[in-house]
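Chain by chain, the residues:
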Amino acid sequence: MFRRTIMAGAFALAAGIGAPAQAQGPATAPTDIQFWHGLTQPLGGMLEQIAADFNATQNRYRVQATFRGSYPETMVAAIAAFRAGQAPGIVQMFEVGTGTMMAAGRAIKPLHELLAETNTTINFQDYLPGVRGYYSLTDGRMMSMPFNSSTSVVFYNKDAFRRANLNPDAFPETWEGVEAAARALKAAGHACPMTSAWPTWTQVEQFSAIHNIPLATQANGMGGLNAELRINNPLMVRHFNNLVAWQRDGLFRYGGRDGAADALFPNGECAMIFASSGLRARIQREAQFQWGVGMLPVYQGTTPLNSIIGGASFWVMNRGPNAARSAAELQGIAAFFAYIARPEVAAKWHTDTGFLPVTRAAFEQVRATGFYNLPANAGADVPIQQMLRGGGQMTENSMGIRLGGFVEIRTIIQEELERAFQGQQTGEQALANATTRGNVVLRNFERQNSAR
């Protein structure tokens, strides 16, 4: 375990002045590039295959992709490696770490600098606006390389729906409808009508975006470091109180933090799961029942907006406080990024995994093949449709989140929600406590980074 304070300030404390680039090795030997990722199987294997495919296209660089644990564990490992002067060239960082990474100073090399120095061109205007905007500065300069972007959707067991006399071809559009479906499933003998993976992402962050309510001030942190949480609002209080009541009534099962609940759907335990669209690959491989995909529900009277992205991007790291990357390493990293930006690579990743096609070119390439029209791929375009809800007109509440120390804030929200599930407090008290504690994290992060 690590102390939460590490997450907000470790990069800021560790970053130092880079030294001159190290000399390259023999010209005949490929330049090794360490790439640390946080994807478990089967996604991790698919990502490692992409690195292997890139290596097979040329003999100058060799990207070595290795699994380093969960996203938070990968972040901690990268911090420790940077301090020791042994950071990987590329680290995969989940989207909530974006604010912390952007404030990491010399620990990271901004993507726009890498591309300029290596004379590499990537057409970021072709990237989906919700993806491009999450990882760029306000002036449009890219800070990290988008890749495995997802959004949250609902997967539901069509066989279980049939047994409960529910329509297996239409998921409820409202939370009122979801509750009614959960009661019908329970009455039909299903022990776990619904669960949620990544509970703060699906039930707080996504919920806020599609209901067009702020998660925090300053456009959810994109406008400055002085943001304050706004999760303790009437609609979120209503929802948290409902989650607690549904857990008590056996309609909802808390499956644990982060992605711990992922297994509860493909193994048939829970009939509905709010999860990443990237769970599709696992469900396709493991589920022994018919299943469908639905958009995230809203409370009655709400016109839903777009959901926001999850997943991760790839960050370029300096080797350590006193060690920069060699020119060969930087050129190789840029070449790898240009490779994964190819429409055919992005398209294959999308169709294989369920993650979003991050570029318009990739989406059009997939659509032209008729992929979405095949019965086996039904619902594969739901994440894209959901990202474009509201006519694709994002508001400050649905653009994304860029709060420093947000990894720690997510943990705080989960802790308070767990206390509510255990009967120690109400959903309203959980949100009040999470707001107070989370704002302390934000002020600490602001002080640490304003002084630099």
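Asks: Describe in detail the overall build of the protein, supporting the description with residues and values.
Replies: Helix and strand content of the protein: 18 helices and 11 strands. In summary, the protein has a C-alpha radius of gyration of 22 Å against a globular reference of 22 Å for 452 residues, a match within 12%. Projected onto its principal axes, the C-alpha coordinates of the protein cover approximately 70 × 50 × 40 Å. Per-residue burial over the protein gives 59% buried out of 452 residues. The contacts of the protein with a sequence gap of at least 6 include a subset with a gap of at least 24, amounting to 79%. Here the protein displays about 17600 Å² of accessible surface, and carbon together with sulfur accounts for 50% of that area. Across the protein, the 37 positively charged side chains and the 33 negatively charged ones have centroids separated by 3 Å.

Asks: Could you give me a rundown of the side chain of asparagine 397, with the residues and numbers involved?
Replies: Topologically, asparagine 397 is positioned in the loop between helix H16 (382–387) and helix H17 (406–421). On the accessibility criterion, asparagine 397 (17% relative accessible area) is buried. Of the polar contacts made by the side chain of asparagine 397, one reaches the side chain of asparagine 212; its length is 3.1 Å.

Asks: So what about the pattern of salt bridges? Which residues, and what values?
Replies: A full pass over the atoms with the stated rule returns 24 salt bridges. Between glutamate 179 and arginine 183 there is a salt bridge, with its nearest N and O atoms 3.0 Å apart. Taken together, the residues span about one helical turn, with glutamate 179 and arginine 183 both in helix H8 (residues 175–187) at a distance of 4 residues. Assessed through its relative accessible area of 40%, arginine 183 is described here as partly exposed. Put simply, arginine 282 and glutamate 286 hold a salt bridge, and the shortest N to O gap is 3.1 Å. Here the residue arginine 282 and the residue glutamate 286 both occupy positions in helix H12 (residues 280–286), the gap between them amounting to 4 residues, near one helical turn. Given a relative accessible area of 25%, arginine 282 falls into the partly exposed group. A single network of salt bridges, built from pairs that share partners, joins Glu179, Arg183, Arg248 and Asp249.

Asks: Just give me the short version of the state of the cysteines, but keep the residues and values in it.
Replies: Throughout the structure, instances matching the rule amount to 1 disulfide. The disulfide that involves cysteine 192 links it to cysteine 270, with 2.0 Å between the sulfurs. Across the S-S bond linking cysteine 192 and cysteine 270, the dihedral sits near 90°, which makes this disulfide right-handed. Residue cysteine 192 is found in strand S7 (residues 192–196), and its partner cysteine 270 is found in strand S9 (residues 270–276); the two are separated by 78 residues along the sequence.

Asks: Break down the sheet that holds strand S8 (residues 252–253) for me, citing the residues and quoting the values.
Replies: Spatially, 5 strands are ordered S8-S7-S9-S6-S10 in an open sheet, and the strand pairing comes out mixed. The open sheet is flanked by S8 and strand S10 (291–294), the only strands paired with a single partner. The pairing of S7 with S9 spans 4 bridges and is parallel. Within S9, the position partnered with cysteine 192 by the bridge is cysteine 270. Sheet contacts for H8: S7 and S9; angle to S9, the most-contacted strand, approximately 145°.

Rules of the game
Residues numbered from 1 in each chain as written. Predicted model: local features only at pLDDT ≥ 70, side-chain atom pairs only at ≥ 80, totals over all residues. Heavy atoms only, no water. Helix = DSSP H or I, 4+ residues; strand = E, 2+ residues; numbered from the N terminus. Rg over C-alpha atoms; globule rule 2.2 N^0.38 Å. Buried < 20%, exposed > 50% of the residue type's maximum accessible area, 1.4 Å probe, protein only. Contact = heavy atoms within 4.5 Å. Areas by Shrake-Rupley, 256 points an atom, 1.4 Å probe, with all protein chains shown as cover. Lys, Arg positive; Asp, Glu negative; His and termini not counted. Charge placed at Lys NZ, Arg CZ, Asp CG, Glu CD. Polar contact = N/O pair within 3.5 Å; in protein donor to acceptor, adjacent residues only side chain to side chain. Salt bridge = Lys/Arg side-chain N within 4 Å of Asp/Glu carboxyl O. Disulfide = S-S within 2.5 Å. Pairing = 2+ DSSP bridges. Axes fitted to C-alpha atoms, helices over the stretch in contact; angles between N-to-C directions.

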